[in-house]
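Reading the structure
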Amino acid sequence: MKTTWNFTGTRALVAGAGGIGSAVIDALADAGADVVVLDRDAGQLAEVTRTGGTRDAGGTGGSLGAGGTVRGLSVDLTSADACHDAVTDAVGFLGGLDVFVHAVGTNDRRPVLETPDEVWERLVAINLSSGFWLGRAVGNVMVPGGHGRVVYLSSVSGLLAHRDHAPYAATKGGINQLMRVMAREWAPHGVTVNAVAPGYTETDLTRAYLAEPGMRASMEALVPAGRLGRPEDLVGPVLFLSSAEAAFITGQVLYADGGRTLV
Ligand SMILES: NC(=O)c1ccc[n+]([C@@H]2O[C@H](COP(=O)([O-])OP(=O)(O)OC[C@H]3O[C@@H](n4cnc5c(N)ncnc54)[C@H](O)[C@@H]3O)[C@@H](O)[C@H]2O)c1
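Note that the structure is a prediction, hence the values are computed from the model and not measured.

**A closer look at the overall build of the protein**
Looking only at helices and strands, the protein features eight helices and seven strands. Over its C-alpha trace the protein gives a radius of gyration of 17 Å, about what one expects of a compact globule, namely 18 Å for 263 residues. Here the C-alpha coordinates of the protein stretch approximately 50 × 40 × 35 Å along the principal axes. Burial statistics for the protein: of 263 residues in total, 51% are counted as buried.

Now the structure itself:
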């Protein structure tokens, strides 16, 4: 997606190369940013690094060239060490860090009484703990550097009580609070921390669920705008909060949901 943003010279790290992450990565690169992408899925990394000679899914080190490059690093973000090392590698490739976007996540829909420990622990690790581990490592670079923009992908599920969403909702509520405390601690150092909260958006995360009989229509009926979100709906909100123009906004959850949280 082409944008009018100018991120020339910006060094960005994006965790998550799925539907929303890849739209953000494309927009940042098109706007001139050098981007390092973290994901465990080689196919997703190949997809976001596919365009142009400067894009590289190798993840084996080396330095980046001119602006607008995208480099993928294959990493499972469910351990503190992996997150710490991934940030160290990304900062090494980029020569610093200006923007971090956390767009990694997963869901598993079932009632609380049918949710085993394994599901709870997996969602907490991917959705919430990776946000803490990566955010802490990113803050260790941005705070001493005196500037930075951090944007988390939260969800309307962090506010509303959707049935069958207990672990997912808990991790998104947790991301909101993690984000607010980071925002307060890092504001004196020129680092802003915010979240963008999408409503139901058409990506791999929701594809199977929306394909269930009648599900799409019932989900659309809950949205005043009359449709589900598309990955490109999140690009403007994420890039705005990543921009120099958003310097005095911190600790906020920006709902990009077609009005879903109004009803
Ligand atoms: N799609 C929606 O309806 C929706 C709504 C609200 C919030 N969100 C949030 O937006 C963010 C992006 O979601 P999406 O729709 O692009 O999802 P997606 O499934 O398309 O992409 C998620 C990406 O995370 C990666 N990932 C998962 N586990 C990982 C791990 N352990 N290590 C490394 N990478 C891992 C996957 O490989 C995938 O590329 C998530 O935080 C999600 O919770 C999505």
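Once the structure has been displayed, the description carries forward.
**A closer look at the packing of aromatic side chains**
All told, the structure shown has three aromatic pairs when counted by the stated rule. For the pair Trp5 and Phe7, a centre-to-centre distance of 6.3 Å together with 50 degrees between the ring planes defines the contact as tilted. A residue is classified by how much of its surface remains accessible, and Trp5, at 28% relative accessible area, is partly exposed. Measuring from ring centre to ring centre gives 5.9 Å for Tyr200 and Tyr209, while their planes differ by 25 degrees; the resulting arrangement is stacked. We note Arg71 situated over the ring of Phe93; from NZ or CZ to the ring centre the distance is 4.3 Å. One Lys or Arg, Arg109, reaches over the ring of Tyr209 and ends 4.2 Å from the middle of that ring.

**With respect to the site of the ligand**
Around the ligand, the surrounding shell holds 29 residues, and the nearest of these are Ile20, Asp39, Tyr168, Thr201 and Thr203. Asp39 places a polar side-chain atom, nitrogen or oxygen, 2.6 Å from an oxygen atom of the ligand. A distance of 2.7 Å is found between an oxygen atom of the ligand and a backbone nitrogen or oxygen belonging to Thr201. Protein chains bury 95% of the 830 Å² of accessible surface belonging to the ligand in isolation. Residue assignment for the shell around the ligand shows that the elements contributing at least two residues are α1 (19–30), α5 (166–186) and α6 (204–210). Considering each element in turn, the shell around the ligand owes the most residues, three residues, to α6.

**Considering the nonpolar core**
Formed by 38 residues in total, the largest nonpolar core has its most connected members in Leu13, Leu38, Phe100, Val150, Tyr152 and Val193. For Leu38, the residues in contact, after removing those within four places along its chain, are Leu13, Val14, Ala15, Gly16, Ala17, Leu45, Leu73, Val75, Leu77, Ala86 and Leu134. Within the second largest apolar cluster, 29 residues are counted, among which are Ile25, Val101, Leu234 and Val238.

**Observations concerning the side chain of Asp108**
Take Asp108: it is sitting in the loop between β4 (99–102) and α4 (117–145). Judged by relative accessible area, which is 15%, Asp108 ranks as buried. Within the structure, the side chain of Asp108 is placed 3.1 Å from the side chain of Arg122, a separation counted as a polar contact. Excluding residues within four positions of it along the chain, Asp108 makes contact with Val119, Arg122, Leu123 and Asp164.

**Some thoughts on the packing of helix α3 (residues 80–94) against α4**
Interaxial distance between α3 and α4 falls to 9 Å at its minimum, and their mutual angle equals 35 degrees. Relative to α4, the crossing made by α3 is right-handed. Facing Ala80, Cys83, His84, Val87 and Val91 of α3, the residues of α4 in contact are Ser130, Trp133, Leu134, Arg136, Ala137, Val138 and Val141. Here the residues of the contact of α3 with α4 sort into nine nonpolar, two polar and one charged.

**Digging into the packing of α4 against α5**
The N-to-C vectors of α4 and α5 enclose an angle of 15 degrees; their axes lie 9 Å apart at closest approach. The pairing of α4 with α5 is recorded here as roughly parallel in orientation. Note that α4 runs across α5; the crossing there is right-handed. On α5, the residues that touch Trp120, Leu123, Val124, Asn127, Leu128, Gly131, Phe132, Gly135, Arg136, Gly139 and Val143 of α4 are Ala166, Pro167, Tyr168, Ala170, Thr171, Gly174, Ile175, Leu178, Met182 and Trp186.

Definitions and limits used
- Residues numbered from 1 in each chain as written.
- Predicted model: local features only at pLDDT ≥ 70, side-chain atom pairs only at ≥ 80, totals over all residues.
- Heavy atoms only, no water.
- Helix = DSSP H or I, 4+ residues; strand = E, 2+ residues; numbered from the N terminus.
- Rg over C-alpha atoms; globule rule 2.2 N^0.38 Å.
- Buried < 20%, exposed > 50% of the residue type's maximum accessible area, 1.4 Å probe, protein only.
- Phe/Tyr/Trp six-rings, centres within 6.5 Å; stacked < 30°, edge-to-face > 60°.
- Lys NZ or Arg CZ within 6 Å of the ring centre and 35° of its normal.
- Near = heavy atom within 4 Å.
- Polar contact = N/O pair within 3.5 Å; in protein donor to acceptor, adjacent residues only side chain to side chain.
- Areas by Shrake-Rupley, 256 points an atom, 1.4 Å probe, with all protein chains shown as cover.
- Core = buried A, V, L, I, M, F, W, Y, C linked by side-chain atoms within 4.5 Å.
- Contact = heavy atoms within 4.5 Å.
- Axes fitted to C-alpha atoms, helices over the stretch in contact; angles between N-to-C directions.
- Left-handed = near helix turned anticlockwise from the far one by under 90°.
- Nonpolar A, V, L, I, M, F, W, Y, C, P; charged D, E, K, R; others polar.
- Parallel < 35°, antiparallel > 145°, perpendicular 65-115°, else oblique.

In short, the description is geometric, and any link to function would need to be established separately.
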